[in-house]
2 protein chains.
Amino acid sequence: MKFSVKTEYGLRALIELASQATRKPICAREIASRQDIPERFLEQQITSLRKAGLVNSQRGAGGGCSLARAPEAITVLEVIEALDGPVMNMDCISQSGSDCRQSTQCVIQELWLESQVQLRGYLGSVTIGDLASRQHEKADRGLTYTI
Amino acid sequence: MKFSVKTEYGLRALIELASQATRKPICAREIASRQDIPERFLEQQITSLRKAGLVNSQRGAGGGCSLARAPEAITVLEVIEALDGPVMNMDCISQSGSDCRQSTQCVIQELWLESQVQLRGYLGSVTIGDLASRQHEKADRGLTYTI
DNA sequence: CCCAAATCCTAGATAGTCGGTCGGATTTGT
DNA sequence: ACAAATCCGACCGACTATCTAGGATTTGGG
């Protein structure tokens, strides 16, 4: 019961993109080196994010990727589901045959379902924009303290 | 991002125990056959539940296991953590060395932490008693319809 | 006192997933 | 033409999840 590093890498990459003032695309190599993420691995996650419509990517020299929407319009939930598949998917057991009504399995399915609703509700309410601004606050405060 | 079958089996076993009118212990074999769960596997989960203090077990002939507390006093969260370890544990990355303040990792840690709080909050609010009574309602309704 | 029934403990076996690497094909600006 | 970048798919080692198995230990009943 934990999130994968794929999603962590993906989120960090998107935060990096959101923090970028310029709207020019940044290449995977640069994000990877700045965030200290294995380059070829991050490449794959970026491809997944593109297929999910969260980033645009430009091939060839001078290419790279950029956010497909405003950071405030990309939720953490979308990122997770793009990289890890459905949050808490339950391949429901009671297909066709078994009578669900008197089975304890069904009650537990409902429990999982409600857990999913709770978690997705929260994750869907946080955006990349939120994360980026939180991180900036942190960085600023860190600066103030240390100077 | 999903729960294991260990926890599903554990929950079903506990619901079975809670549904039992008599307070006499039931053996793992019987629970397993009634719930259609691999017997030797369920045995192991019951042992874990005992170590977590959720069930009592009696060895020897005529032995078995029974709930250690009232069904309303056992939360789903406890069961999950007994069988699967901490829900969404994050072995925090920023131990000692790295400066957390300006790292995006820290923002994400906080995101995971808040997700954990949300999920644990819900799971801690549902008890075995709740699940057992929900299941009975289902069974009763099913009966009414089919008769 | 012995036996059968039950839990307990430990060690696998097997299959799948996760994190990561790699070779190379393709696109594209200079 | 060349270098920089994405894209595609295969592969790999390590780990985990599910389940099986052997046997030690406890315990009530005849």
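Notes on the structure in this doc start here. Owing to the predicted nature of the structure, the values given are computational and were not obtained by experimental measurement.

Some points on the pairing of strand 2 (residues 64-67) of chain B
All names here are of chain B.
Here comes step 1: The pairing of strand 1 (residues 55-58) with strand 2 spans four bridges and is antiparallel. Within strand 2, the position partnered with asparagine 56 by the bridge is serine 66.
Here comes step 2: Linking strand 1 to strand 2, which pair antiparallel, is a turn of five residues; within it glycine 60 sits at a positive phi near 80°.

Side note on the interface of chain A and chain B
Here comes step 1: Residue-level contacts link 41 residues of chain A with 41 residues of chain B.
Here comes step 2: Our count for the chain A to chain B interface comes out at two salt bridges.
Here comes step 3: Residues lysine 138 of chain B and glutamate 110 of chain A are paired through a salt bridge, measuring 2.7 Å at the closest nitrogen-oxygen approach.
Here comes step 4: The tally of links from chain A across to chain B stands at four residue pairs in polar contact (both at pLDDT 80 or more).
Here comes step 5: At the level of elements, helix 1 (5-19), helix 4 (76-84), helix 5 (104-123) and helix 6 (128-146) of chain A are the ones that each hand at least two residues to the side of chain A that touches chain B.

Considering the packing of aromatic side chains
In this description, an aromatic ring pair is defined by two values, namely the gap between the centres and the angle between the planes.
Here comes step 1: For the structure on display, the rule yields four aromatic pairs over all chains.
Here comes step 2: Taking 4.2 Å as the distance between ring centres and 20° as the angle between the ring planes, the aromatic pair formed by tryptophan 112 of chain A and phenylalanine 3 of chain B counts as stacked. With one member in each of two chains, tryptophan 112 of chain A in helix 5 and phenylalanine 3 of chain B in the segment before helix 1 (5-19) form a pair that bridges those chains. Across the pair, phenylalanine 3 of chain B and tryptophan 112 of chain A agree in class, each one buried.
Here comes step 3: Pairing tyrosine 9 of chain B with phenylalanine 41 of chain B gives two aromatic rings, centres 6.0 Å apart and planes at 85°, and the pair type is edge-to-face.

Overview of the relation of the copies chain A and chain B
Here comes step 1: Mapping chain A onto chain B leaves a residual RMSD of 0.1 Å; the transformation is a rotation of 180° accompanied by 0.0 Å of translation along its axis. In the structure described here, the two chain copies are related by an operation that fits a two-fold rotation axis.
Here comes step 2: An overlap of 100% is found between the interface residues of chain A and their copies at the interface of chain B, pointing to a shared contact surface.

The rules behind the values
- Residues numbered from 1 in each chain as written.
- Chains lettered and ligands numbered in written order.
- Predicted model: local features only at pLDDT ≥ 70, side-chain atom pairs only at ≥ 80, totals over all residues.
- Heavy atoms only, no water.
- Pairing = 2+ DSSP bridges.
- Helix = DSSP H or I, 4+ residues; strand = E, 2+ residues; numbered from the N terminus.
- Contact = heavy atoms within 4.5 Å.
- Salt bridge = Lys/Arg side-chain N within 4 Å of Asp/Glu carboxyl O.
- Polar contact = N/O pair within 3.5 Å; in protein donor to acceptor, adjacent residues only side chain to side chain.
- Phe/Tyr/Trp six-rings, centres within 6.5 Å; stacked < 30°, edge-to-face > 60°.
- Buried < 20%, exposed > 50% of the residue type's maximum accessible area, 1.4 Å probe, protein only.
- Least-squares fit on C-alpha atoms with pLDDT ≥ 70 in both.

By themselves, these figures tell us nothing about what the structure is for.
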